[in-house]
Amino acid sequence: MHILVIDGSPRPGKNTDMMCDAFIAGAATKGHTATKFRVAGKKLNGCIHCMQCYKNGPCSQKDDMIPLYDEIEKADMIVLASPIYFWHITAQMKAVIDRMYALYVAGRFKAKKTAGIFVSGGDADCSDEAVSFYNNVIIKRLHWEDCGVLRVARTGRDDYDLEAYKQKAFDLGASL
Ligand SMILES: Cc1cc2nc3c(=O)[nH]c(=O)nc-3n(C[C@H](O)[C@H](O)[C@H](O)COP(=O)(O)O)c2cc1C
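In this report, we go over the structure that sits alongside the text.

## A short note on the sheet that holds strand β3 (residues 77–83)
Ordered in space as β2-β1-β3-β4-β5, the five strands form an open sheet in which the pairing is parallel. The sheet terminates laterally at β2 (33–38) and β5 (145–152), the two strands that pair on one side only. When the angles between neighbouring strand axes are averaged without regard to direction, this sheet yields 15 degrees. With seven bridges joining them, β3 and strand β4 (residues 113–119) adopt parallel strand pairing. Each bridged residue has a counterpart across the sheet, and for Pro83 the counterpart in β4 is Val119. Sheet strands touched by helix α6 (residues 162–174): β4 and β5. Its angle to β5, the strand with the most contacts, is close to 175 degrees.

## Section: the site of the ligand
With respect to spatial proximity, 17 residues lie near the ligand, and among them Thr16, Pro83, Gly121, Gly122 and Cys126 are the closest. For the shell around the ligand, the residue count by class is seven nonpolar, eight polar and two charged.

## A few points about helix α3 (residues 91–99)
Of all the residues in α3, the buried ones are Gln92, Met93, Val96 and Arg99. Along the axis of α3, the buried residues cluster in a sector spanning 130 degrees; they form a single face. Elements that come into contact with the buried residues of α3 comprise β1 (2–7), α2 (65–74), β3 and α4 (101–105).

## Some thoughts on the nonpolar core
Counting 43 residues, the largest nonpolar core has Val5, Ile6, Met19, Phe23, Val79, Ile117 and Ala169 as the members making the most contacts within it. Considering each element in turn, this core owes the most residues, six residues, to helix α1 (residues 15–28). Beyond its immediate sequence surroundings of up to four residues, Phe23 is in contact with Val5, Val79, Ile117, Ala169, Phe170, Leu172 and Gly173.

What counts, and at which threshold
Residues numbered from 1 in each chain as written. Predicted model: local features only at pLDDT ≥ 70, side-chain atom pairs only at ≥ 80, totals over all residues. Pairing = 2+ DSSP bridges. Helix = DSSP H or I, 4+ residues; strand = E, 2+ residues; numbered from the N terminus. Axes fitted to C-alpha atoms, helices over the stretch in contact; angles between N-to-C directions. Contact = placed C-beta atoms within 7 Å. Near = placed C-beta within 6 Å. Nonpolar A, V, L, I, M, F, W, Y, C, P; charged D, E, K, R; others polar. Buried ≥ 20, exposed ≤ 12 C-beta atoms within 10 Å, placed from the backbone. Arc of directions from axis to C-beta. Core = buried A, V, L, I, M, F, W, Y, C linked by C-beta atoms within 7 Å.

Just distances and angles here, no functional claims.
Right, dumping it as structure tokens:
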């Protein structure tokens, strides 16, 4: 299958980005292809509720979300990978999710397989809100098929084992 990995970190090359790459490498061992979309450096506005998507759609805002719409439609699976900011996903990741509404109202929003990768500087429970959002919205409301969640924790701490987490991300990809 083809996987779209949405990397919600504004920091290229850091923890979330590395987990995305490890996940993609694992998925490749099973013959899956992947595209990684980094929010870093992109212009991604929040939804402005203009209702254009209800009329001629898909979206009135001409920013870096436009090419992502095609990628979302093409993908069989979407991985939501986000750092934890204030106990939740980043604003950039939320903007991408809100803007998916344009596909949703256009009837172009198909159920996908999905997985979550949530990366916190503090303990694993710092990603509780993000995991709840993943379970209650992405799985329960959108009916996407859950392929697993990886919580990466304590990234800024002395005991952070980057290689062990990269292996977990690889294993999640290889489990598909
Ligand atoms: C604005 C901001 C808010 C953050 N809030 C939290 C938080 O609530 N809980 C937590 O554990 N870490 C928090 N962090 C730390 C990040 O989750 C951590 O540094 C993570 O590794 C960032 O992902 P990255 O390495 O891919 O950039 C915050 C960082 C920033 C910049």
